[in-house]
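Descriptive analysis of the structure
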Amino acid sequence: MAILTKGLPQGSVLSPLLFNLYTHDLDLAIDKNVDVLQYADDLLLYIKGNNIDDASAKLTESLILEYGTFLLEPGSMSGFKALDKIQSKCLRIICGAMKTSPINALQAECYASKHFANSNVGVGVFHFQYNIVQKIKLPPECTVFSGECLGIFKALEYIRLAKLKKSIVFTDSLSSIQALVKNPFKIKQQHPCIFGIRQLLTECTEKDIDTSKEKVIKELNFLSEKDATPFYKLPLKSLLQIYKTTKNDVEKGFCKNRLYYISQRIECPPSTLSEQIVKRLFIYKLSFEWLESSLNVLLAMNVSGDRIKRDLWVLKYHHKTIQERLERVKSVGVENLYPWMVRCSEDILNRSIQISQETKTILGENKSTKMYLAQRLNTSPKVIEDMYVKIPALKTIRVTKAKNFLDFLIKEGFTVEEIVDKPRIFAASQKTVKLRLEKLRSLGLCEINLNILCRSRKDFQKYYESMESISKECDE
């Protein structure tokens with residue numbers, strides 16, 4: 001949808017003034033027997049006479065019509081045909097069509113005008129190819145703006161029903177276009193016809209885009225519909241970029257589609273990887289050599305395919321950068337390598353290396369957090385697995401955090417048996433637990449249940465207030 005920058009909004013106070021200045025000498029250009037009735041920016045030509053044929057001929061010679069008048073009032077066909085030639089030439093120029101292009105395939109016209117006699121607004125829609133004419137008479141309360149909007153709506157409705165693939169709707173109603181392009185979420189009241197036009201535009205656009213998308217996707221060498229489905233979410237512009245890259249890869253013998261190349265390298269089902277790749281379209285913008293080199297380094301450094309699939313951003317980095325980063329991490333004894341180690345900042349990487357070294361020191365020969373917790377809590381690995389089921393967050397807890405938390409709880413007087421019995425405490429923050437302990441002990445409480453410390457904020461506050469009330473009563 002394009003907006004013309006020239007002209008005035010419909011209803012502007014300048015519109016009739018400028019129109020009157022522009023047409024002030026109109027009566028000098030028409031037959032002296034033809035009279036002009038002008039009001040604001042509308043005008044009517046009329047003639048008095050005893051012979052209807054003579055009157056019609058003189059009126060036609062002076063005819064200056066707004067297109068669409070023939071839908072509302074009778075007129076001379078020879079006059080309309082003369083105007084049609086001008087309109088047809090303009091239409092071909094605007095559409096970029098050849099001189100031989102049939103006009104009936106280029107246009108559907110809609111008009112709105114207000115009658116002087118009864119103040120009704122008339123709307124007309126006309127299509128040459130199918131000889132469809134719609135005449136709509138709106139009540140006097142309706143404005144010309146409503147008529148213009150209804151004309152656009154009816155033209156779009158026809159385009160949708162006739163399933164026209166290429167259509168252009170022309171309107172001289174600047175106010176209608178301005179209403180259409182305004183943000184609907186910032187407007188308190190929206191004209192119902194404008195809302196209808198928006199819906200029709202969306203339906204017509206989606207229909208054309210979906211058809212084009214289907215054609216492009218068929219050229220991307222997908223082996224199954226399931227692999228291709230996520231790509232329908234992409235805009236047509238992105239699909240064309242993917243098509244260009246895929247065509248180049250095929251011509252040079254690299255691969256049929258990068259989806260299948262990557263899925264084969266990282267041993268991941270294409271249908272699963274497809275959902276991830278549509279979110280990382282840069283993969284189709286990289287050179288194939290870049291993509292291949294990055295994958296080679298990652299796999300050579302034993303980064304698992306599943307980790308690469310979940311962090312495809314790493315493929316955007318040069319293979320030398322990937323190798324330098326991962327070798328640096330591996331050199332300090334870190335065995336589990338992740339793509340994020342390539343992408344993170346130096347500070348985060350150094351902190352990660354420090355934590356890994358601390359973890360290795362803490363675990364010693366235990367080799368896993370589960371075995372470490374079992375040893376610290378004097379229990380079996382099976383009990384720790386049951387704790388994992390009850391508190392899933394415990395399964396992913398960092399061993400350094402677990403050590404610090406256990407040291408803190410034991411220092412505060414809690415036994416390992418209490419901790420094993422109340423594993424929910426690991427889901428709480430050490431800082432929060434410390435603050436709650438201080439608050440409760442300030443009331444003189446000595447024996448504190450771990451369940452109290454890991455309650456929700458609201459429940460803990462209720463418990464604290466009740467204990468505070470009891471404490472005050474005891475003091476009194």
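These notes cover the structure that comes with them. (Residues numbered from 1 in each chain as written. Predicted model: local features only at pLDDT ≥ 70, side-chain atom pairs only at ≥ 80, totals over all residues. Heavy atoms only, no water.)

A short note on the pattern of salt bridges
Going by this rule: We count a salt bridge whenever a side-chain nitrogen from Lys or Arg sits within 4 Å of a carboxyl oxygen from Asp or Glu. In this description a helix means any DSSP run of H or I spanning at least four residues, a strand means any run of E spanning at least two, and both kinds are numbered starting from the N terminus. In this scheme, a residue with accessible area under 20% of its type's maximum is buried, one over 50% is exposed, and one in between is partly exposed, where area comes from a 1.4 Å probe on protein chains only.
For the structure on display, the rule yields 15 salt bridges. Linking E385 and K370 is a salt bridge whose minimum nitrogen-to-oxygen distance equals 2.9 Å. Taken together, the residues E385 in helix α17 (residues 381–390) and K370 in helix α16 (residues 369–376) connect sequence positions 15 residues apart. Its relative accessible area of 34% is what places E385 among the partly exposed residues. Between E412 and R441 there is a salt bridge, with its nearest N and O atoms 2.5 Å apart. Note that E412 is positioned in the loop between α19 (399–411) and α20 (416–421) and R441 in helix α21 (residues 430–441), a separation of 29 residues in sequence. Taking the relative accessible area as the measure of exposure, E412 reaches 26% and is therefore partly exposed. We classify R441 as partly exposed; its relative accessible area is 34%. Residues participating in the shared-partner salt-bridge network are D306, K309 and R310.

Observations regarding the packing of aromatic side chains
Test applied: Between 30 and 60 degrees the pair is tilted, below 30 it is stacked and above 60 it is edge-to-face, where a pair is any two Phe, Tyr or Trp rings, Trp via its six-membered ring, whose centres lie within 6.5 Å. Counting as a charge over the ring demands two things of the Lys NZ or Arg CZ atom: a distance within 6 Å of the ring centre and an angle within 35 degrees of the ring normal.
Using the criterion set out here, one finds eight aromatic pairs in the structure. Measuring from ring centre to ring centre gives 6.4 Å for F231 and Y284, while their planes differ by 80 degrees; the resulting arrangement is edge-to-face. Taken together, the residues F231 in the loop between α7 (225–228) and α8 (236–251) and Y284 in the loop between α10 (270–277) and α11 (288–300) connect sequence positions 53 residues apart. The interplanar angle of 80 degrees and the centroid separation of 6.1 Å between the aromatic rings of F405 and F426 together place this pair among those described as edge-to-face. Of this pair, F405 sits in helix α19 while F426 sits in the loop between α20 and α21, placing them 21 residues apart in sequence. The burial state of F405 is the same as that of F426; both residues are buried. An aromatic cluster is built from F222, F231 and Y284, whose rings are joined through pairwise contacts. Of note, R307 hangs over the ring of Y338, and the distance from its end group to the ring centre comes to 3.8 Å. Residue placement shows R436 over the ring face of F460; its charged tip is 4.5 Å from the ring centre.

Some remarks on the nonpolar core
The following threshold applies: Each nonpolar core is a collection of buried residues, namely Ala, Val, Leu, Ile, Met, Phe, Trp, Tyr and Cys, held together in the definition by side-chain atoms within 4.5 Å.
In terms of nonpolar packing, the biggest core is built from 44 residues, with F231, I262, I277, L315 and L326 touching the most fellow members. For this core, the secondary-structure elements that each account for two or more residues are α6 (192–218), α8, α9 (258–266), α10, α11, α13 (319–331), α14 (340–343) and α15 (346–363).

Side note on the side chain of T359
Threshold: N or O atoms within 3.5 Å of each other form a polar contact, as long as, within protein, one can give a hydrogen and the other can take it, and as long as residues adjacent in sequence are counted only when both atoms are side-chain atoms. Should any heavy atoms of two residues lie within 4.5 Å, those residues are counted as being in contact.
Tracing the backbone through its elements, the reader meets T359 in helix α15. Side-chain polar atoms of T359 contact the backbone oxygen of I355, separated by 2.8 Å. In this structure T359 touches V399 and T400, once residues within four positions along its chain are discounted.

Structural notes on the layout of surface pockets
What counts, and what does not: Whether a set of points on the 1 Å grid over the protein atoms alone is a cavity depends on a 1.4 Å probe fitting there but being unable to get out, while an open set qualifies as a pocket with protein on both sides within 12 Å along at least five of seven lines; lining residues are those with an atom within 4 Å of a point. Grid points are joined across faces, edges and corners, and a volume is the space filled by probe spheres set on the points. In this classification, the charged set is Asp, Glu, Lys and Arg, the nonpolar set is Ala, Val, Leu, Ile, Met, Phe, Trp, Tyr, Cys and Pro, and all remaining amino acids, among them Gly, are polar.
Estimates place the volume of the second largest pocket at around 820 Å³. Lining the second largest pocket are 22 residues; nearest its centre among them are V334, N336, S356, T359 and L363. Of all elements in the fold, only α14 and α15 reach the threshold of two or more residues within the lining of the second largest pocket. In terms of residues, the lining of the second largest pocket owes the most to one element, α15, which gives seven residues. When the residues that make up the lining of the second largest pocket are grouped by side-chain class, the tally is nine nonpolar, nine polar and four charged.

Topic: the environment of Y46
Within the element layout of this structure, Y46 appears in strand β2 (residues 42–47). Here the alpha-carbon distance between Y46 and L59, two residues 13 residues apart in the chain, equals 7.1 Å. Not counting residues within four places of it along the chain, the set of residues in contact with Y46 comprises N33, V34, D35, V36, L37 and L59.

Quick notes on α10
Worth spelling out the cut-off: Read the arc as the range of directions from the helix axis to the C-beta atoms.
The set of residues buried in α10 consists of L273, S274 and I277. Along the axis of α10, the buried residues cluster in a sector spanning 115 degrees; they form a single face. Considering only its buried residues, α10 is in contact with α7, α9 and α12 (305–310).

What to know about the packing of α11 against α13
The cut-off we apply is this: What counts as an axis is a line fitted to C-alpha atoms, over the stretch in contact for a helix, and the angles between N-to-C directions run from 0 to 180 degrees. Put simply, angles under 35 degrees are roughly parallel, angles over 145 are roughly antiparallel, angles from 65 to 115 are roughly perpendicular, and the rest are oblique. The hand of a helix crossing depends on one turn: near helix anticlockwise from the far one by less than a right angle means left-handed, and clockwise means right-handed.
Put simply, α11 and α13 touch, their axes get as near as 8 Å, and they point 15 degrees apart. The angle between α11 and α13 falls in the class roughly parallel. Crossing geometry of α11 relative to α13 is assigned as right-handed. Taken together, the residues of α13 that come into contact with α11 (itself represented by S293, S294, V297 and L298) are H319, I322, Q323 and L326. Looking at side-chain class alone, the contact of α11 with α13 contains four nonpolar, four polar and no charged residues.

Some words on unusual backbone geometry
Unlike most non-glycine residues, N221 shows phi in positive territory, near 60 degrees. By the secondary structure assignment, N221 is in the loop between α6 and α7. Positive phi, close to 55 degrees, is recorded for N378, a residue that is not glycine.

Observations regarding the side chain of R198
Tracing the backbone shows R198 in helix α6. Reaching out from R198, the side chain makes a polar contact with the backbone oxygen of L180 at a distance of 2.8 Å.

A short note on the packing of α13 against α15
At a minimum axis distance of 10 Å, the contact between α13 and α15 shows a crossing angle of 25 degrees. Classed by the angle they form, the pair α13 and α15 counts as roughly parallel. By crossing handedness, the relation of α13 to α15 is classed as right-handed. In contact with R325, R328 and V329 of α13, α15 contributes E346, L349 and N350. When the residues that make up the contact of α13 with α15 are grouped by side-chain class, the tally is two nonpolar, one polar and three charged.

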